[in-house]
Amino acid sequence: MHGSSEGQRSADWNAPHGRQAASLSPAGGQHQPVLTLPDSGAQALSIRAKALAFSDPLSYRLLTQVERIAPSEATVLVMGETGTGKELLARHIHDRSGREGPFVAINCGAFSESLVDAELFGHEAGAFTGARAPRAGWFEAADRGTLFLDEIGDMPLPMQVKLLRVLQERQVVRVGSRQPIHIDVRLIAATNVDLERAVAAGRFRHDLYYRLNIARLDLPPLRQRVGDILPLATHFLGSYAQRLGRPPPILSPTAQRALMAHPWPGNIRELENVIHFALLVSDDGPILPEHLKFAGGFPAIRPEAELAPIDAIALQLARLFDAPAERLMERLEALIIERAYTHSHFNQVRTAQLLGVTRNVVRTLLKRHGLVDSDRQDAG
Ligand SMILES: Nc1ncnc2c1ncn2[C@@H]1O[C@H](COP(=O)(O)OP(=O)(O)OP(=O)(O)O)[C@@H](O)[C@H]1O
């Protein structure tokens, strides 16, 4: 998403705004952004980081946690699927922290290992070929502010060791220098990988994990906070319409239902893209279901009741995977064969035709799921 250069830009971006506080308005106002961050000003390339639209009770609970955690010095670990708003949340924590320095965002997966030392610690002029001028590292750049380490789960192991050392010693030494520099940095790390699993698999250092996992915030996927879908959609419609110099169009009730029914595998980022696209193709009229172009093989632009059966099943499967039942594959297989066999009036040949498999496969499945006796010969 971004690398050190954008991280630096993030720092510049924040500096002129100093400590403008975000305002949290009361829960009312359905479909309104309830929380507004300082305007990112002319340097903003997208509408990111301008406003957090939160209405779902889960999101409110999260914001309450943030209000408690933000003013402390505690390192924060934000866990959530891609596109759930981890970086925006980190910016909000910084804004509510009272820290006067900048917010510096770094993508940990985007560094070549040979440059790690210079990136982390900075360097003096002439420290290595190409180091013409002295340069601050991440920690120095974020001094008295917040360092946001995105995709920390992708950080290579050697880099994890170095990061851990900085966190323990709270000082850095630039490459080419001997002078330790004390750093005062609040760290927020984010990841969309399960760090506990990464630790168990030896891909992430457990000592670093414990140092990061002091205050943990879980950002739920959008499909689990459906109360946020329409407020976010309205928020994006307003923002993009304003950029296009148009009044924000109305979201038709069928389009609203389609938005609510979609499982949003790409989360808020996907919603933002869908709304942006809808605005571009809707001319000046209301947003209709046919203007919504969903990613991930969901053609769907229609409310769930009107979806093609295979799309409706895909939708339900996505929900099922959120809280998977035990032996899911086995249970789904049993369901399919039992439904097909019943539908075919217990005729194995017709069941095979219906499912597009051989009769042998049907017989095996029927036996496996106890729908025929193992030793019974079926004439059907
Ligand atoms: N609550 C929100 N209100 C308004 N916009 C939001 C909200 N949450 C996220 N967004 C927008 O959604 C997009 C994705 O957010 P962000 O980049 O913070 O997600 P992320 O979880 O950090 O993604 P990744 O895991 O890919 O780095 C951004 O454009 C952001 O501005």
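The structure displayed is predicted, hence computed values, not measured ones.

Chemist: I keep staring at a nonpolar patch on the surface and nothing clicks. Help me out?
Modeler: Residues Ile 336, Leu 354, Leu 355, Val 357 and Val 361 make up a contiguous nonpolar surface patch of about 380 Å² in total accessible area. Mapped onto the fold, Leu 355 is located in helix α14 (residues 348–355).

Chemist: Got a minute to help me understand the sheet that holds strand β11 (residues 186–191) in this structure?
Modeler: Within a beta sheet, neighbouring strands are joined by backbone hydrogen bonds and run either parallel or antiparallel to one another. Here five strands make up an open sheet; going across it, the order is β5-β8-β11-β4-β12 and the pairing parallel. The two strands at the open ends of the sheet, each matched to only one other strand, are β5 (103–107) and β12 (215–219). Taking the axes of each pair of neighbouring strands and ignoring which way they run, one obtains an average angle of 20° across the sheet. The pairing of strand β8 (residues 146–150) with β11 spans four bridges and is classified as parallel. For Phe 148, the partnering residue across the bridge sits in β11 and is Ile 188.

Chemist: What's the story with the side chain of Arg 99 in this structure? I'm lost.
Modeler: Following the sequence through the fold, Arg 99 ends up in the loop between α3 (86–95) and β5. At 2.6 Å, the side chain of Arg 99 and the side chain of Asp 184 are in polar contact.

Chemist: Explain the nonpolar core to me, please; I cannot follow it from the model alone.
Modeler: If you look at soluble globular proteins, the nonpolar side chains tend to sit buried side by side. Core analysis: the biggest nonpolar cluster contains 33 residues, and Trp 138, Phe 139, Leu 147, Leu 149 and Ile 152 have the highest contact counts within it. Examining the composition of this core, we find that five residues originate from one element, helix α6 (residues 157–169), more than from any other. Excluding anything up to four places from it in sequence, Leu 147 contacts Val 104, Ile 106, Trp 138, Phe 139, Ala 142, Val 185, Arg 186, Leu 187 and Ile 188. Of all hydrophobic cores here, the second largest spans 24 residues; its members include Ala 233, Leu 251, Ala 258 and Ile 275.

Chemist: Explain the pairing of β12 to me, please; I cannot follow it from the model alone.
Modeler: The two faces of a sheet get side chains in turn, since along a regular strand they alternate between them. Of the two faces of β12, only the one carrying Ala 215, Leu 217 and Leu 219 is buried; Arg 216 and Asp 218 on the other face are not. Bridge analysis of strand β4 (residues 76–80) against β12 gives five bridges, and the strand direction is parallel. Considered in β12, the bridge of Leu 77 is made with Arg 216.

Chemist: Teacher, can you tell me more about α3 here?
Modeler: The α-helix winds at 3.6 residues per turn, so residues separated by three or four positions along the chain end up facing the same way. Burial within α3 is extensive, with ten of its ten residues counted as buried. Looking only at α3, the buried set comprises Lys 86, Glu 87, Leu 88, Leu 89, Ala 90, Arg 91, His 92, Ile 93, His 94 and Asp 95.

Chemist: Would you explain the packing of helix α9 (residues 229–243) against helix α10 (residues 253–261) in this entry?
Modeler: Each packed pair of helices is defined by two parameters, the angle between the axes and the distance between the axes. For the pair α9 and α10, the least separation of the axes is 10 Å and the interaxial angle reads 120°. Classified by the angle their axes make, α9 and α10 are oblique. Classified by chirality, the crossing of α10 by α9 is right-handed. Residues Ile 229, Leu 230 and Ala 233 of α9 form the contact with α10, whose own contacting residues are Gln 256, Leu 259 and Met 260. For the contact of α9 with α10, a count of residues per class yields five nonpolar, one polar and no charged.

Chemist: How should the pattern of salt bridges be read in this particular structure?
Modeler: Applying the stated criterion across every chain yields a total of 15 salt bridges. Residue Glu 333 is joined to Arg 368 by a salt bridge in which the shortest nitrogen-to-oxygen separation is 2.7 Å. In this pair, Glu 333 is assigned in helix α13 (residues 328–343) and Arg 368 in helix α15 (residues 359–368), connecting sequence segments 35 residues apart. Under the relative-accessibility criterion, Arg 368 is labelled exposed at 51%. Each of the salt bridges in this network shares a partner with another, and the network as a whole consists of Glu 73, Arg 99 and Asp 184.

Chemist: Would you mind going over α13 with me for this structure?
Modeler: Given a rise of 1.5 Å per residue, 16 residues ought to cover 22 Å, and the 22 Å separating the end C-alpha atoms of α13 matches this to within 8%. Along α13, the residues classified as buried are Leu 328, Ile 337, Ala 340 and Tyr 341. Of the residues flanking the end of α13, it is His 345, one or two places downstream, whose phi is positive at about 55°.

Chemist: Can you help me understand the packing of aromatic side chains in this one?
Modeler: Ring pairs (aromatic) are described by centroid distance and by the angle formed between their planes. Here the structure, examined in full by the defined rule, presents four aromatic pairs. Their ring planes at 25° and their centres at 5.9 Å tell us that Phe 103 and Phe 148 sit as a pair that is stacked. A residue pair is termed long-range when its members are at least 10 positions apart, and Phe 103 in strand β5 and Phe 148 in strand β8 qualify at 45 residues. Aromatic side chains Tyr 209 and Tyr 210 sit 5.5 Å apart centroid to centroid with 55° between the ring planes, which places their arrangement in the tilted category. For Tyr 209, a relative accessible area of 3% gives the class buried. Residue class for Tyr 210 comes out exposed when judged on its relative accessible area of 56%. Above the ring of Phe 277, the side-chain terminus of Lys 293 is found at 5.8 Å from the ring centroid.

The rules we used
- Residues numbered from 1 in each chain as written.
- Predicted model: local features only at pLDDT ≥ 70, side-chain atom pairs only at ≥ 80, totals over all residues.
- Heavy atoms only, no water.
- Patch = residues over 30% accessible without salt bridge, like charges linked within 9 Å, V, L, I, M, F, W, Y side chains within 5 Å.
- Areas by Shrake-Rupley, 256 points an atom, 1.4 Å probe, with all protein chains shown as cover.
- Salt bridge = Lys/Arg side-chain N within 4 Å of Asp/Glu carboxyl O.
- Helix = DSSP H or I, 4+ residues; strand = E, 2+ residues; numbered from the N terminus.
- Pairing = 2+ DSSP bridges.
- Axes fitted to C-alpha atoms, helices over the stretch in contact; angles between N-to-C directions.
- Polar contact = N/O pair within 3.5 Å; in protein donor to acceptor, adjacent residues only side chain to side chain.
- Core = buried A, V, L, I, M, F, W, Y, C linked by side-chain atoms within 4.5 Å.
- Buried < 20%, exposed > 50% of the residue type's maximum accessible area, 1.4 Å probe, protein only.
- Contact = heavy atoms within 4.5 Å.
- Parallel < 35°, antiparallel > 145°, perpendicular 65-115°, else oblique.
- Left-handed = near helix turned anticlockwise from the far one by under 90°.
- Nonpolar A, V, L, I, M, F, W, Y, C, P; charged D, E, K, R; others polar.
- Expected span 1.5 Å × (residues − 1).
- Phe/Tyr/Trp six-rings, centres within 6.5 Å; stacked < 30°, edge-to-face > 60°.
- Lys NZ or Arg CZ within 6 Å of the ring centre and 35° of its normal.

By themselves, these observations are geometric and do not establish any function.
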